Amino acid sequence: MRGDYAERMRAWAARAGARAQTVRYPRPEARGEVCALRLAPRGEPRMRVVAAHGAGNDAVYPLLALFRALLDAGAEVFSFDVDGHGVASTTVFARDAVRTSVAAAVRVAEAGAPELPLHVLGHSLGGALVLDALASGALDRAASAVVMSAPLRVDVDARTVLGELRGFFRAATLAQREHYGLWGLVPALGPLKRAAYPFRRADASPGAWSYVDDVRALLRELDLENAAARIALPTLLVYGRADMLVRADQGVRLAARAPGAELLMLDGASHFGVPFHPAAVARTVEWMEAHAAVAA
């Protein structure tokens with residue numbers, strides 16, 4: 001994770017009486033080491049949340065507002081760099097290996113720790129990986145899942161990029177300056193900000209947009225629309241109607257196939273803006289609290 005806004009995050013965590021710990025663990029399947037962040041709330045945690053971010057981002061972008069609300073609700077948050085991501089991680093992205101990354105993070109998050117109601121959270125690619133892990137039975141102990149903007153496919157062109165960048169002039173987005181700073185609000189797309197948000201590919205193929213091809217190929221292999229029929233776990237699906245990368249109709253299709261799914265549609269929310277949309281944050285906390293109580 002980047003040093004500048006990681007320090008901001010640690011500062012507000014300290015003010016809230018929370019604790020921030022960097023965790024490193026080996027990922028031989030991905031030929032490197034993962035850097036993860038464990039955030040512990042004031043007092044004893046009531047539940048545990050393992051979070052997976054989207055393609056081209058890292059363990060804290062754009063999820064800090066959501067993490068803050070979860071901490072306030074008494075959750076311990078464990079967020080990790082997905083294979084191939086993060087300036088402090090050394091893994092590479094390979095389609096076969098990355099499918100085990102969520103289950104591996106859960107094992108590390110729970111190792112030697114008190115057993116708590118477990119929730120899994122994923123945004124974009126991270127959401128797709130969560131759904132795949134649920135469908136495969138790799139997360140049988142989970143009490144619930146929250147999946148935001150998980151793609152069945154991704155659409156990337158000039159119109160997509162401009163539409164997403166326009167979303168960063170909305171009030172909810174500008175309010176995130178507390179965590180990221182003004183330039184830090186801008187997402188990494190193609191070559192933009194790729195030094196801060198690397199995407200290390202196993203085959204080292206050239207091209208600023210080549211990672212998109214990797215994600216598209218992975219999504220074809222995951223076949224999430226059919227896999228969703230095997231997901232009975234209570235799963236909150238959250239999509240933005242203004243999302244230019246992952247159209248909202250993809251959420252409708254997933255919700256129709258997953259027996260345990262509930263769908264939340266957000267007016268005016270872009271792809272990167274979904275995780276800190278006020279309605280998404282509030283409903284995520286409510287969802288996890290309710291299912292943590294059932295699990296407990």
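These numbers come from a predicted model, not from an experiment.

### Re the packing of helix α2 (residues 64-72) against helix α12 (residues 278-295)
Contact geometry for α2 and α12: axes closest at 10 Å, N-to-C directions at 40°. In terms of axis orientation, α2 runs oblique to α12. As α2 runs across α12, the sense of the crossing is right-handed. Here L66, A69 and L70 of α2 come into contact with α12, specifically with V281, T284, V285 and M288. Among the residues forming the contact of α2 with α12, the class breakdown is six nonpolar, one polar and no charged.

### Considering empty space enclosed by the protein
Here the structure, examined in full by the defined rule, presents two cavities of 30 Å³ or more. Looking at the largest cavity, its volume works out to about 200 Å³. Lining the largest cavity are 18 residues, with A55, S124, V154, Y211 and L245 sitting closest to its centre. Here the residues of the lining of the largest cavity are counted per class, giving 14 nonpolar, four polar and no charged. The computed volume of the second largest cavity comes to approximately 30 Å³. Looking at the second largest cavity, the residues that line it are L131, A228, T235, L237, L254, A258 and A261.

### Notes on the packing of helix α5 (residues 125-136) against helix α9 (residues 210-222)
It is the contact of α5 with α9, at a shortest axis distance of 11 Å, that shows an interaxial angle of 25°. Relative to α9, the element α5 is oriented roughly parallel. Considering only the axes of α5 and α9, their crossing is left-handed. Counting all contacts with α5, which are made through L125, A128, L129 and D132, the residues of α9 involved are L218, L219 and L222. Of the residues that constitute the contact of α5 with α9, the class distribution is six nonpolar, no polar and one charged.

### Brief notes about the packing of aromatic side chains
The description of two aromatic rings rests on the distance between their centres and on the angle between their planes. Applying the stated rule across the entire model yields four aromatic pairs. Joined through ring pairs, the aromatic side chains of F93, F199 and Y211 make up one cluster. Positioned above the aromatic ring of Y211, the side-chain terminus of R194 is 4.8 Å from the ring centre.

### Quick notes on the pattern of salt bridges
Counted according to the given criterion, the structure contains 18 salt bridges. One salt-bridge network, held together by shared partners, links R27, E29 and D83.

### A closer look at unusual backbone geometry
Residue Y61 is joined to P62 through a cis peptide bond whose omega torsion reads -5°. Following the sequence through the fold, P62 ends up in the loop between β3 (47-52) and α2. Look at S124: it is not a glycine, yet its phi comes out positive at around 60°. Summarising the element assignment, S124 is placed in the loop between β5 (118-123) and α5. Classification of S124 by relative accessible area gives buried; the value is 9%.

### Quick look at the sheet that holds β3
Spatially, eight strands are ordered β1-β2-β4-β3-β5-β6-β7-β8 in an open sheet, and the strand pairing comes out mixed. Of all the strands in the sheet, the pair left with one neighbour each is β1 (19-27) and β8 (261-266). The average undirected angle you get between the axes of adjacent strands in this sheet is 20°. Bridge count between strand β7 (residues 235-240) and β8: six bridges; the pairing is parallel.

### Re the pairing of β3
Here β3 lies mainly inside the structure; six of its six residues are buried. Both faces of β3 are covered, namely the face carrying M47, V49 and A51 and the face carrying R48, V50 and A52. Relative to strand β4 (residues 75-80), β3 runs parallel, the two being bridged by six bridges. Looking across to β4, one finds that R48 is bridged to E76. Regarding topology, α2 serves as the crossover connection from β3 to the parallel β4, and that connection is right-handed. Bridging between β3 and β5 involves five bridges; their strand directions are parallel. Looking at β5, one finds that V50 is bridged to V120.

### Quick word on the side chain of R201
Following the sequence through the fold, R201 ends up in the loop between α8 (177-180) and α9. A distance of 2.3 Å separates a polar atom in the side chain of R201 from a polar atom in the side chain of D214. Discounting chain neighbours no more than four positions away, the residues touching R201 are V92, F93, S210, Y211 and D214.

About the cut-offs
Residues numbered from 1 in each chain as written. Predicted model: local features only at pLDDT ≥ 70, side-chain atom pairs only at ≥ 80, totals over all residues. Heavy atoms only, no water. Axes fitted to C-alpha atoms, helices over the stretch in contact; angles between N-to-C directions. Helix = DSSP H or I, 4+ residues; strand = E, 2+ residues; numbered from the N terminus. Parallel < 35°, antiparallel > 145°, perpendicular 65-115°, else oblique. Left-handed = near helix turned anticlockwise from the far one by under 90°. Contact = heavy atoms within 4.5 Å. Nonpolar A, V, L, I, M, F, W, Y, C, P; charged D, E, K, R; others polar. 1 Å grid on protein atoms, 1.4 Å probe; cavity = no way out; pocket = protein on both sides within 12 Å on 5 of 7 lines; lining within 4 Å. Points joined across faces, edges and corners; volume = space filled by probe spheres on them. Phe/Tyr/Trp six-rings, centres within 6.5 Å; stacked < 30°, edge-to-face > 60°. Lys NZ or Arg CZ within 6 Å of the ring centre and 35° of its normal. Salt bridge = Lys/Arg side-chain N within 4 Å of Asp/Glu carboxyl O. Buried < 20%, exposed > 50% of the residue type's maximum accessible area, 1.4 Å probe, protein only. Pairing = 2+ DSSP bridges. Right-handed = clockwise from strand over helix to strand, strands pointing away. Polar contact = N/O pair within 3.5 Å; in protein donor to acceptor, adjacent residues only side chain to side chain.

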